[in-house]
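Listed below are the residues making up each chain.
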Amino acid sequence: MFDFHAHTGEDNSNSFISILSEEEIKAINPCSSIGRLSWLYDKIEITRIEELLRENKNLAVGEIGLDKTKGEMKDQIDDFANLLDIAKTYERTVILHSVRTNSEVLKILKERKIKKAIFHGYTSSYEEAFEIEKNGYLISLGPRSFKTRDIKKLLNLDFVLESDMKTGPIQKKTISELYLKASGIIKHDIKDKVESFRSYIWQENFYA
């Protein structure tokens, strides 16, 4: 089962790895994203992110985004907007971190004319998710997503599945269980539908 959002650990195979620090850069593979969250102490410099995007044509941008639990929003928004401009310049899909900021994030994506983005770890309402899908973006559902009241309705939209864990035996078990749980809720196997969205991330020239 493919994990659409995990972190570098024991076994990075069959997982989309989010790289957020200089130390993790060595784990970059053809199935990775490079990101920066402004509130992290060991965040990657923007010039380094651009360098890595030039060197790795399949590297996505992320996770990046906004979080109302992390303090000053102006600095977050400035950083986020700069990173979106870089993603557009290098024609990359964006992996989003959004905590209590979906409407703000969606507004900035549209202003920046970003065509492909995935809201990772989605736990908000069906109505917001529907608006996200309407604009051409995806939601990514993890363990916490399945505790939300709208999970049955969310599974009727386009989505991918994630563990948001360091890779290894527990992560592999968790992502397999999510596939089974989602399939059980909507009464059919969702594996082919979900994993078909790999092309959403790496399709070239989508800003043309």
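Counting from 1, residues in each chain are numbered in the order their sequence is written. Under the rules for a predicted model, residues below a pLDDT of 70 receive no local features and side-chain atom pairs below 80 are neither given nor counted, while totals for whole chains, interfaces and linings still include all residues. Computation of side-chain values: all heavy atoms of the structure, hydrogens and water removed.

Comments concerning the side chain of glutamine 171
Quick reminder of the rule: What counts as a helix is a DSSP run of H or I of at least four residues, what counts as a strand is a run of E of at least two, and both are numbered from the N terminus. The buried label goes to any residue with under 20% of its type's maximum accessible area, the exposed label to any with over 50%, and the partly exposed label to all in between, with areas taken from a 1.4 Å probe on protein chains only. For this analysis, a polar contact is any N or O atom pair within 3.5 Å, provided that within protein one partner can donate a hydrogen and the other can accept it, and provided that sequence-adjacent residues contribute only side-chain to side-chain pairs. The contact criterion used throughout is that any non-hydrogen atoms of two residues lie within 4.5 Å.
Within the secondary structure, glutamine 171 sits in helix 6 (residues 169-186). On the basis of relative accessible area, glutamine 171 is assigned to the buried category, the value being 1%. Here serine 15 takes part through its side chain, which lies 3.1 Å from a polar atom of the side chain of glutamine 171. Every residue in contact with glutamine 171, bar those within four places of it in the chain, is listed here: Asp3, Ala6, Asp11, Ser15, Ser163, Met165 and Lys166.

What to know about the packing of helix 1 (residues 46-55) against helix 2 (residues 73-89)
Going by this rule: Lines are fitted to the C-alpha atoms to define the axes, a helix being fitted only along its stretch in contact, and any angle between axes, read from their N-to-C directions, falls within 0 to 180 degrees. Just so you know how the angles are binned, under 35 degrees is roughly parallel, over 145 roughly antiparallel, 65 to 115 roughly perpendicular, and the rest oblique. Handedness of a crossing follows from how the near helix is turned relative to the far one, being left-handed for an anticlockwise turn of less than a right angle and right-handed for a clockwise one.
Viewed as axis vectors pointing N to C, helix 1 and helix 2 meet at an angle of 20 degrees, and their least axial separation amounts to 11 Å. Classed by the angle they form, the pair helix 1 and helix 2 counts as roughly parallel. Seen along the crossing, helix 1 lies across helix 2 with a hand that is right-handed. Of helix 2, the residues touching helix 1 (which contributes Ile46, Ile49, Glu50 and Leu53) are Asp79, Asn82, Leu83 and Ile86.

Observations concerning the environment of glutamate 91
Position of glutamate 91 among the secondary structure elements: in the loop between helix 2 and strand 5 (94-99). For the pair glutamate 91 and lysine 152, spaced 61 residues apart in sequence, the C-alpha to C-alpha distance is 33 Å.

Re the packing of aromatic side chains
As a reminder of what qualifies: Aromatic pairs are defined between Phe, Tyr and Trp rings, using the six-membered ring for Trp, whenever the two ring centres lie within 6.5 Å; interplanar angles under 30 degrees are classed as stacked, those over 60 as edge-to-face, and all others as tilted. Ring-over charges, as used throughout, are those where CZ of Arg or NZ of Lys falls within 6 Å of the ring centre and within 35 degrees of the ring normal.
Evaluated as defined, the whole model comprises two aromatic pairs. Ring plane angle 35 degrees and centroid distance 6.2 Å describe the contact between tyrosine 126 and phenylalanine 130, whose orientation is recorded as tilted. Placement of both tyrosine 126 and phenylalanine 130 in helix 4 (residues 126-134) is noted, with a separation of four residues, approximately one turn of the helix. Owing to a relative accessible area of 22%, tyrosine 126 belongs among the partly exposed residues under this scheme. By relative accessible area, which is 38% here, phenylalanine 130 ends up partly exposed. Taking NZ or CZ as reference, lysine 116 lies 4.9 Å from the ring centre of tyrosine 200, over its face.

As for the packing of helix 2 against helix 3 (residues 102-111)
Rules: Gly falls in the polar group here, along with every residue not listed as nonpolar (Ala, Val, Leu, Ile, Met, Phe, Trp, Tyr, Cys, Pro) or charged (Asp, Glu, Lys, Arg).
In contact at an axis separation of 10 Å, helix 2 and helix 3 are set at 40 degrees when each is read in the N-to-C sense. Comparing their axes, helix 3 and helix 2 come out oblique. Pair helix 2 / helix 3 crosses with right-handed handedness. Where helix 2 abuts helix 3, its residues Ile77, Phe80 and Leu84 lie against Val105, Ile108 and Leu109. Residue composition of the contact of helix 2 with helix 3, grouped by class: six nonpolar, no polar and no charged.

Overview of the sheet that holds strand 2 (residues 15-19)
Cut-off, in case you're wondering: Two strands pair under a simple rule: DSSP has to find at least two bridges between them.
Here eight strands make up an open sheet; going across it, the order is 1-2-3-4-5-6-7-8 and the pairing parallel. Edge strands, defined here as strands with exactly one partner in the open sheet, are strand 1 (3-7) and strand 8 (159-161). The average angle at which neighbouring strand axes cross in this sheet is 30 degrees, direction not considered. Two elements, strand 3 (residues 32-34) and strand 4 (residues 60-67), share two bridges in a ladder whose sense is parallel. The residue of strand 4 that forms the bridge with serine 33 is alanine 60.

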